[in-house]
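Structural description and commentary
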Amino acid sequence: MQPVTTISSVRDMYRLLGLAGPQHPLIAVIHAEDVPTNIEAPSDRFLLNLYIIGFKTSGTGKFFYGRNAYDFQDGTLVFTAPGQVLAFDSDHLATPPGAGGWTILFHPDLLRHSSLGRSISDYSFFDYDINEALHVAEKEKKMLQELVNNISTEIGQNMDKHSQELIVHNLESILKYSKRYYDRQFYTRSNLNKDYLVRFEQYLKTYFASPELTEKGLPTVQQCGEALHMSGYYLSDLLKAETGKSAKEHIHLYLVDQAKNLLLGSTRSVSEIAYELGFGYPQHFSKLFKAQTGYSPSEYRNLN
């Protein structure tokens with residue numbers, strides 16, 4: 001297996017790409033045309049301790065993220081969070097002739113003491129698989145480009161007391177618009193999403209009827225996503241856009257529905273039902289059931 005090269009700072013990335021030192025220690029905007037066409041990298045696999053927003057406007061490329069290969073094509077926006085390992089095939093690590101686009105790199109320290117630092121986890125697309133990229137329309141490209149230009153301008157001029165705030169403000173605007181564009185993408189793929197909803201419900205039905213429920217416990221969101229060949233985060237946001245409820249909420253609702261059937265259709269104790277539904281501790285089952293229904297399992301059984 002190839003060794004992994006750790007990229008812990010913006011400066012590390014600049015060294016890798018053969019660029020002069022960055023103008024700001026915590027954030028950079030790199031344009032595709034500024035990257036050399038030939039790069040001698042120490043490896044093809046990189047552990048990135050930076051946030052990355054990458055946009056491709058022309059040309060093609062391929063890289064690997066987790067277990068998936070992704071063709072990085074015209075008009076796609078990709079997000080990665082710190083701690084991810086990316087692998088580039090050797091033919092596409094450097095910038096191919098004619099390629100366009102931009103990449104924003106920023107260190108988590110940039111967001112310290114800012115509202116974005118507290119809300120960055122709300123932008124779940126940083127944890128999507130790479131093949132779940134955002135496909136951007138022409139007018140959306142222009143909107144994003146304006147915000148990127150604002151960041152570049154702030155980085156390139158003399159820093160003052162407003163610089164950090166304005167950089168983070170424009171960065172947050174990019175994320176807010178991207179969230180809107182992802183919602184648009186979910187909406188335009190509604191027919192396909194309905195198919196995923198049916199498959200998700202079928203997976204829950206099969207899982208709850210299998211020995212895995214008692215052996216392994218409730219299915220996780222990530223587990224459900226993998227069963228449908230997508231990230232758990234993407235599945236959850238897809239379901240939220242389609243139904244108004246996250247994947248976790250769907251799992252809990254299905255669980256409660258099964259629990260109600262067992263409570264009213266058998267004389268088994270609450271503890272026995274809890275174990276049958278994959279809970280190691282009956283009190284955890286009772287707590288979840290009450291949170292969903294307003295009644296404890298025993299109260300629900302007695303009322304009905």
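Description of the structure in this document.

So, how was this worked out
- Residues numbered from 1 in each chain as written.
- Predicted model: local features only at pLDDT ≥ 70, side-chain atom pairs only at ≥ 80, totals over all residues.
- Heavy atoms only, no water.
- 1 Å grid on protein atoms, 1.4 Å probe; cavity = no way out; pocket = protein on both sides within 12 Å on 5 of 7 lines; lining within 4 Å.
- Points joined across faces, edges and corners; volume = space filled by probe spheres on them.
- Helix = DSSP H or I, 4+ residues; strand = E, 2+ residues; numbered from the N terminus.
- Buried < 20%, exposed > 50% of the residue type's maximum accessible area, 1.4 Å probe, protein only.
- Arc of directions from axis to C-beta.
- Phe/Tyr/Trp six-rings, centres within 6.5 Å; stacked < 30°, edge-to-face > 60°.
- Lys NZ or Arg CZ within 6 Å of the ring centre and 35° of its normal.
- Axes fitted to C-alpha atoms, helices over the stretch in contact; angles between N-to-C directions.
- Parallel < 35°, antiparallel > 145°, perpendicular 65-115°, else oblique.
- Left-handed = near helix turned anticlockwise from the far one by under 90°.
- Contact = heavy atoms within 4.5 Å.
- Nonpolar A, V, L, I, M, F, W, Y, C, P; charged D, E, K, R; others polar.

Looking at the layout of surface pockets
Space inside the second largest pocket adds up to approximately 250 Å³. Lining the second largest pocket we find 15 residues, and of these Asp122, Ser124, Tyr128, Lys179 and Asp237 sit closest to its centre. Of all elements in the fold, only helix H4 (163-188) and helix H8 (232-243) reach the threshold of two or more residues within the lining of the second largest pocket. At five residues, H8 tops the list of elements feeding residues into the lining of the second largest pocket.

What about helix H1 (residues 10-17)?
Within the sequence span of H1, burial applies to Val10, Met13, Tyr14, Leu16 and Leu17. Mapping the buried residues of H1 onto a view down its axis gives an arc of 160°, with all of them on the same face.

Structural notes on the packing of aromatic side chains
In this description, an aromatic ring pair is defined by two values, namely the gap between the centres and the angle between the planes. All chains considered together, the criterion is met by 20 aromatic pairs. Here the aromatic rings of Phe79 and Phe126 are separated by 5.5 Å at their centres, their planes lie at 80°, and the arrangement is edge-to-face. Placement of Phe79 in strand E7 (residues 76-80) and of Phe126 in the loop between helix H2 (115-119) and strand E10 (134-135) is noted, with a sequence separation of 47 residues between them. Taking relative accessible area as the criterion, Phe79 reaches 2% and is therefore assigned buried. Residue Phe126 is classed as buried on the basis of its relative accessible area of 2%. Arranged with centres 5.8 Å apart and planes meeting at 50°, the rings of Tyr123 and Phe125 form a pair that is tilted. Joined through ring pairs, the aromatic side chains of Tyr51, Phe79, Phe106, Tyr123, Phe125, Phe126, Tyr128, Tyr182, Phe186 and Tyr234 make up one cluster. The ring of Tyr123 has Lys179 lying over it, and the distance from NZ or CZ to the ring centre is 5.5 Å.

Some details on the packing of helix H3 (residues 138-156) against H4
Close contact between H3 and H4 brings their axes to 9 Å; oriented N to C, the two are set at 165°. Classified by the interaxial angle, the pair formed by H3 and H4 is roughly antiparallel. The hand of the H3/H4 crossing is left-handed. In this structure, H3 contributes Glu140, Met143, Leu144, Leu147, Val148, Asn150, Ile151, Glu154 and Ile155 to the contact, and H4 contributes Ser163, Leu166, Ile167, Asn170, Leu171, Ser173, Ile174, Tyr177, Ser178, Tyr181 and Arg184. Residues of the contact of H3 with H4, tallied by class, amount to twelve nonpolar, five polar and three charged.

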